[in-house]
Amino acid sequence: VIPRARYAEWLVQRYMQGTNPGDIPLISNLGSIKPLVGLRRGTEFYGNQIYQPGDSLKNIDWKHSYKYNHLISKEFTELNGQSAIVLVNLVAGSEEEKDILAYNILVAVLSLTQENIPSSLAVYNDKAAVLITEMLTPQRILLHALRLVKAITVVPSPSKYLEDQDFKRLKGNIRRMHSTANQPIQKLRELLQFEYNSISQASQNHPCTLALLDAQAKISQQANIVIISRRNHDAEALAFNSYLLSEKGIATIFV
């Protein structure tokens, strides 16, 4: 069995050697990944994938379905032409996670490159931000991606991470409780506000947040955020930053 990372590295090397974009078919359907989750809701054609239950029959590509002897569905994207910051967490919890993480990094960057989406990198580990770039040419960002997968560290952790907090709902509950004079409800509101403030303060100093802010300052333009992480030490900070970004109208896509 060829590890995912080795296969993705082969794809990148093949692309960098001058392969035409059309020579790597069904790039968005490699394995079970889908490098840019959620792109199929857009209006611009993105690529093809094997038909899955729930896909619209209107999007079936009959020409390619006949060619590959499988039902092929068209994908669409809203990201074409818009810049992106690729936010990468270099920490994995096991060798298996390391392989998946490396695969995600390479395939996501390759997908952005194929679509000519201007991209920059914001990379961090559990201690600090380790790489912040300006917008990179396709060749440079692919070279960076190949180096990054070599820098992934395995940090086993006995910690169990809870499901991400729904910060939009949390803030909504706090606002709704503000207008009542009921004492028990006011106490509950104070507890919820304390939870929000605590997470906010912890997130502000997290390497994930520092890397993201540095990248946004460096490119000086609004960009979509493509997040590649195994959601370990950074799970809470990612959830909080995703909420703040959505409030500003910035799209976040988890890989």
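These remarks concern the structure in this document. (Residues numbered from 1 in each chain as written. Predicted model: local features only at pLDDT ≥ 70, side-chain atom pairs only at ≥ 80, totals over all residues. Heavy atoms only, no water.)

Right, let's talk about helix H6 (residues 183–204) for a bit. Between the first and last C-alpha of H6 there are 31 Å, a value that for 22 residues agrees with the 32 Å anticipated at 1.5 Å per step. Tucked inside the fold, the buried residues of H6 contact helix H5 (167–178), helix H7 (207–219) and helix H8 (235–247). For H6, the N-terminal capping position is held by Asn182, with its side-chain oxygen 3.2 Å away from the main-chain nitrogen of Ile185. (Helix = DSSP H or I, 4+ residues; strand = E, 2+ residues; numbered from the N terminus. Expected span 1.5 Å × (residues − 1). Contact = heavy atoms within 4.5 Å. Polar contact = N/O pair within 3.5 Å; in protein donor to acceptor, adjacent residues only side chain to side chain.)

With that settled, the discussion passes to H8. Taking 1.5 Å as the rise per residue, H8 with 13 residues should run 18 Å; its terminal C-alpha atoms sit 19 Å apart, in good agreement. After H8 finishes, the residue Gly249 shows a positive phi value of roughly 80 degrees.

Below, the discussion takes up the nonpolar core. Residues Ile105, Leu142, Ile152 and Ile228 are the most contacted members of the largest nonpolar core, which totals 35 residues. Elements represented by at least two residues in this core include exactly helix H1 (4–16), strand E3 (84–89), helix H3 (95–114), strand E5 (119–124), helix H4 (138–150) and strand E8 (224–228). Among the elements that line this core, the one with the most residues is H3, at ten residues. Ignoring anything within four residues of it in the chain, the contact list for Leu142 reads Val12, Tyr15, Met16, Val109, Leu110 and Thr113. Core analysis: the next-biggest nonpolar cluster, separate from the first, contains 17 residues, Ala122, Tyr124, Ile132 and Ile219 among them. (Core = buried A, V, L, I, M, F, W, Y, C linked by side-chain atoms within 4.5 Å. Buried < 20%, exposed > 50% of the residue type's maximum accessible area, 1.4 Å probe, protein only.)

Below, the discussion takes up the environment of Ala145. Relative to the helices and strands, Ala145 resides in helix H4. On the basis of relative accessibility, which here comes to 1%, the residue Ala145 falls in the buried class. C-alpha separation for the pair Ala145 and Val12, spaced 133 residues apart in sequence, amounts to 9.2 Å.

Turning next to the side chain of His206. Relative to the elements of secondary structure, His206 occurs in the loop between H6 and H7. Apart from residues no more than four positions distant in its own chain, His206 is found in contact with Tyr124, His233, Asp234 and Ala237.

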